[in-house]
Amino acid sequence: MVDIATRVYNHKWKIDPIVRSLIDTDFYKLLMCQSIFRNKPDTTVTFSLINRAKDVRLAELIDEGELREQLDYARGLRLTRGESTWLRGNTFYGKRQMFRPDFMEWFENFQLPPYHLEKRDGQYELTFEGKWPEVMMWEIPALAILMELRGRAVLNQMRRFELQVLYARAMARVWEKIEELRTIPGLKIADFGTRRRHGFLWQDWCVQAMIEGLGDAAKGGAFTGTSNCLIAMRRDLEAVGTNAHELPMVYAALARNDEELSQAPYKVLADWHEEHDGNLRIILPDTFGTKGFLEHAPDWLAGWTGIRIDSGDPVESAETAIAWWKSRGEDPRQKLVIFSDGLDVAEMKRLHGLFSGRVKVSFGWGTLLTNDFRGLVPHDALAPFSLVCKAVSADGHPTVKLSDNPSKATGPAEEIARYKRVFGVGAQQATQVIV
Ligand SMILES: Nc1ncnc2c1ncn2[C@@H]1O[C@H](COP(=O)(O)OP(=O)(O)OP(=O)(O)O)[C@@H](O)[C@H]1O
Ligand SMILES: O=P(O)(O)OC[C@H]1O[C@H](OP(=O)(O)OP(=O)(O)O)[C@H](O)[C@@H]1O
Ligand SMILES: O=C(O)c1cccnc1
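All values reported here derive from a predicted model rather than from experimental measurement. Here the residue numbering is sequential within each chain, running from 1 through the sequence in written order. Just so you know, chain letters begin at A and ligand numbers begin at 1, following the order they were written in. This being a predicted model, a pLDDT of at least 70 is required before a residue's local features are given, and a value of 80 or more before pairs of side-chain atoms are given or counted; all residues contribute to the totals for chains, interfaces and linings. Each side-chain value is worked out from all heavy atoms of the structure, with water and hydrogens disregarded.

**Thoughts on the domain arrangement of the protein chain**
Per the domain assignment, the segments of the protein chain are domain 1 (4-159) and domain 2 (167-371). One C-alpha centre belongs to domain 1, the other to domain 2, and the line joining them spans 21 Å. By definition, the buried area sums, over both parts, the 1.4 Å-probe accessible area that each loses when the two are put together. A combined buried area of about 3500 Å² lies between domain 1 and domain 2, and 64% of that area is made up of carbon and sulfur atoms. For domain 1, the biggest contributors to the area lost against domain 2 are Ile4, Tyr28 and Tyr93; these three give 19% of the whole. The salt bridge criterion pairs a side-chain nitrogen of Lys or Arg with a carboxyl oxygen of Asp or Glu, the two atoms within 4 Å. Inspection of the domain 1/domain 2 interface yields five salt bridges. Where arginine 195 meets aspartate 26, a salt bridge forms, and the shortest distance between an N and an O atom there is 2.8 Å. Pairs of N or O atoms are called polar contacts if they sit within 3.5 Å, as long as, within protein, a hydrogen donor faces a hydrogen acceptor (for residues adjacent in sequence, only side-chain-to-side-chain pairs). Between domain 1 and domain 2 we count 16 residue pairs in polar contact (both at pLDDT 80 or more) in total. Comment: elements are numbered from the N terminus, with helices defined as DSSP H or I runs of at least four residues and strands as E runs of at least two. Going through the elements one at a time, α1 (4-10), α2 (27-39), β1 (44-51), α5 (81-89) and α8 (139-155) are the ones with two or more residues in the side of domain 1 that touches domain 2. The element that contributes the greatest number of residues to the side of domain 1 that touches domain 2 is α2, accounting for 11 residues. The split into domains, and so the bounds of each, comes from an automatic or database assignment of domains.

Next up, the structure:
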């Protein structure tokens, strides 16, 4: 096992690449990339970094040269033969050849496209522009690089024993969380923490702790796998994933009128339906408001396996989903509900208590698994914060995300107003976003 504290101490003086593999990314990015490669290969998009934590002044904390060095390193990566063999030959969700030969050929020649970086008002403006299947691959490495560089800026000031004790405390915290999770009967949980992790080796440690503490679900345990493809490959775990807001956001931005706009989120899932079955048929309903989305959904969507709850009040959203399934003649007990929004142990216990037995409950645990360094150093300088990287335009049209929590909304005000009208979204309750 890597002694992370000693390694951090010894590596202070040399370049230590943060992202070293093109599959050090979320599995759903690859699923979506293949789908976009098939359905919208020529759409041009811009993705942009969005730091929701304005008080974290990234451009003052992270050296621009180091940031460029890391981004350039990532641009130099190519799919290795071993990675390609794994993607082509492994079984994902019980299916062989999940990735089609034409997509694999494209991916084998893939390189991350250029980036645009500027400093403004203590923040970095980092944007990526180009073909959708290429640009979207930047989201996870860009976030992981920024999060880790911000952490390193703090770690570089620390001495050997301080580091040793810091990691000992952080490890004890993760382990205590896992011990608490062990008390939940019938728990199912996955690691979703790649993008805002403390560091790669730390995420890998957390995943190993989950394997030992909860047991691999393939062998009867509670840990269903990791969304990180590289870690899944190296640790022989299931690579897990659903789908993300970028699909409905971009399809919606391409709509030519309000009628097309109102249908765009269903078109996304119709395309997904063509490609995937079983546990990959998971609805993400909150992009333009969960309630309206479900009310106006075509009947075939009620036949899907489950739903991912990613914003707003999770209890209310899960109740809305249960009522919707019942109204469409479906048995909620057969349906999977994946909670994934800023979770930590107490909330998972509460949600599990409320919904297990009524639906199949599962959790995607992100930042507070792989980056809970809150309260461990002065000024909370290692605490995770809300950093995201989103599609902001498609073929020149701005994208919009309303979400069930207006604090997570993105897009120009007049477009937000238009989407609210088209999707019938009324007053919304804002809740604080921690990660
Ligand atoms: N950011 C990363 N992404 C992917 N793999 C990593 C990363 N950091 C470390 N590893 C891998 O984890 C293992 C332990 O890392 P460590 O860096 O301590 O080993 P190492 O042999 O000293 O490698 P290096 O000199 O490249 O850092 C190695 O297999 C290494 O390749
Ligand atoms: O435990 P967590 O850190 O929340 O990790 C998982 C989250 O990451 C993703 O969203 P992302 O943060 O990219 O966008 P959002 O906050 O706008 O949903 C995903 O949709 C989950 O919400
Ligand atoms: O597959 C997902 O739904 C996922 C993976 C990582 C982070 N957020 C969501």
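The rest of the description comes next.
**Section: the UniProt feature "domain: Nicotinate/nicotinamide phosphoribosyltransferase" (unreviewed entry) in the protein chain**
Those places that UniProt annotates as "domain: Nicotinate/nicotinamide phosphoribosyltransferase" (unreviewed entry) correspond, in this numbering, to residues 188-426. Taken end to end, residues 188-426 has its terminal C-alpha atoms 34 Å apart, with 41% of it in helix and 14% in strand. UniProt positions are given in the numbering used here, feature names are shortened, and annotations may be inferred rather than shown by experiment.

**Focus on the UniProt feature "domain: Nicotinate phosphoribosyltransferase N-terminal" (unreviewed entry) in the protein chain**
The UniProt record marks residues 23-146 with the feature "domain: Nicotinate phosphoribosyltransferase N-terminal" (unreviewed entry), using the residue numbering of this structure. For residues 23-146, helix accounts for 47% and strand for 19%, while the C-alpha atoms at its two ends are 18 Å apart.

**With respect to the site of ligand 2**
Summary of the distance rule: residues count as near a molecule or strand when at least one heavy atom falls within 4 Å of that molecule or strand. Lining the immediate surroundings of ligand 2 are 16 residues, of which Arg52, Arg195, Asp310, Thr367 and Lys401 lie closest. In this structure, arginine 195 approaches ligand 2 through a side-chain N or O atom, which is 2.6 Å from an oxygen atom. Here an oxygen atom of ligand 2 sits 2.8 Å away from a polar atom, N or O, in the side chain of arginine 196. Surface accessibility follows the Shrake-Rupley procedure with a 1.4 Å probe radius. Residue values consider only the protein chains on display as shielding. When ligand 2 sits alone it has 480 Å² of accessible area, and the protein chains cover 97% of it. Following the grouping adopted for this structure description, the nonpolar residues are Ala, Val, Leu, Ile, Met, Phe, Trp, Tyr, Cys and Pro, the charged ones are Asp, Glu, Lys and Arg, and the polar ones are all others, Gly among them. Its residues assigned to classes, the shell around ligand 2 shows three nonpolar, four polar and nine charged.

**A few points about α2**
Taking 1.5 Å per residue as the helical rise, α2 with its 13 residues ought to reach 18 Å, and the 19 Å between its terminal C-alpha atoms agrees with that figure. α2 sits mainly inside the fold: 10 of its 13 residues count as buried. Expected span of a helix, by definition, is 1.5 Å for each gap between consecutive residues, and there is one gap fewer than residues. Burial classes follow relative accessibility: with a 1.4 Å probe on protein chains only, a residue under 20% of its type's maximum area counts as buried, one over 50% as exposed, and anything between as partly exposed.

**Remarks on the packing of α2 against helix α12 (residues 246-254)**
Whenever a helix is involved, its axis is fitted only over the stretch in contact; in every case the axis is a line through C-alpha atoms, and angles between N-to-C directions fall within 0 to 180 degrees. At their nearest, the axes of α2 and α12 sit 11 Å apart, and the two run at 25° to each other. It follows that α2 is roughly parallel to α12 by the angle criterion. Contact residues: Lys29, Met32, Ile36 and Asn39 in α2; Glu246, Leu247 and Tyr251 in α12. Of the residues assigned to the contact of α2 with α12, the class counts are four nonpolar, one polar and two charged. Oblique is the label for any angle not covered by the other classes, which are roughly parallel (under 35 degrees), roughly antiparallel (over 145) and roughly perpendicular (65 to 115). By the convention used here, residues are in contact when the closest approach between their heavy atoms is within 4.5 Å.

**Comments concerning helix α16 (residues 314-327)**
Taking 1.5 Å per residue, 14 residues should reach 20 Å; α16 reaches 20 Å between its end C-alpha atoms and fits that length. For α16, every residue scored as buried is listed here: Pro314, Val315, Ser317, Ala318, Ala321, Ile322, Trp324 and Trp325. Between the side-chain oxygen of the N-cap and the backbone nitrogen of valine 315 there are 2.9 Å, and the N-cap of α16 in question is aspartate 313. Backbone geometry just after α16 places glycine 329 at a positive phi near 75°.

**A look at the sheet that holds strand β3 (residues 123-131)**
Ordered by their spatial adjacency, five strands build an open sheet running β2-β3-β1-β10-β11, and the pairing between neighbours is antiparallel. Only two strands of the sheet have a single neighbouring strand rather than two, namely β2 (115-120) and β11 (397-398). Pairing analysis gives five bridges linking β1 to β3, with the strands arranged antiparallel. Its bridge partner lying in β3, phenylalanine 47 is registered against phenylalanine 128. Against the sheet, α12 contacts β1, β10 (387-394) and β11, and its axis sits at roughly 25° relative to β10. If DSSP finds at least two bridges between two strands, the strands pair.

**Section: the confidence of the model for the protein chain**
On average, residues of the protein chain score 97 in pLDDT, and 100% of them are at 70 or above. With a pTM of 0.97, the predicted complex shows an ipTM of 0.95. As a per-residue measure, pLDDT tells how confident the predictor is, with possible values from 0 to 100.

**Focus: the pattern of salt bridges**
Inspection of the entire model under this criterion finds 35 salt bridges. As a salt-bridge pair, arginine 152 and aspartate 16 come within 3.7 Å of each other at their nearest N and O atoms. Placement of the pair is arginine 152 in helix α8 and aspartate 16 in the loop between α1 and α2, with a sequence separation of 136 residues. What makes arginine 152 buried here is its relative accessible area of 16%. Take aspartate 16: its relative accessible area is 7%, and that puts it in the buried class. The closest approach of N and O atoms between arginine 120 and glutamate 118, which form a salt bridge, is 3.0 Å. With a relative accessible area of 41%, arginine 120 lands in the partly exposed category. Look at the salt bridges and you will find they share partners, linking Arg7, Asp16, Arg20, Glu148 and Arg152 into a network.

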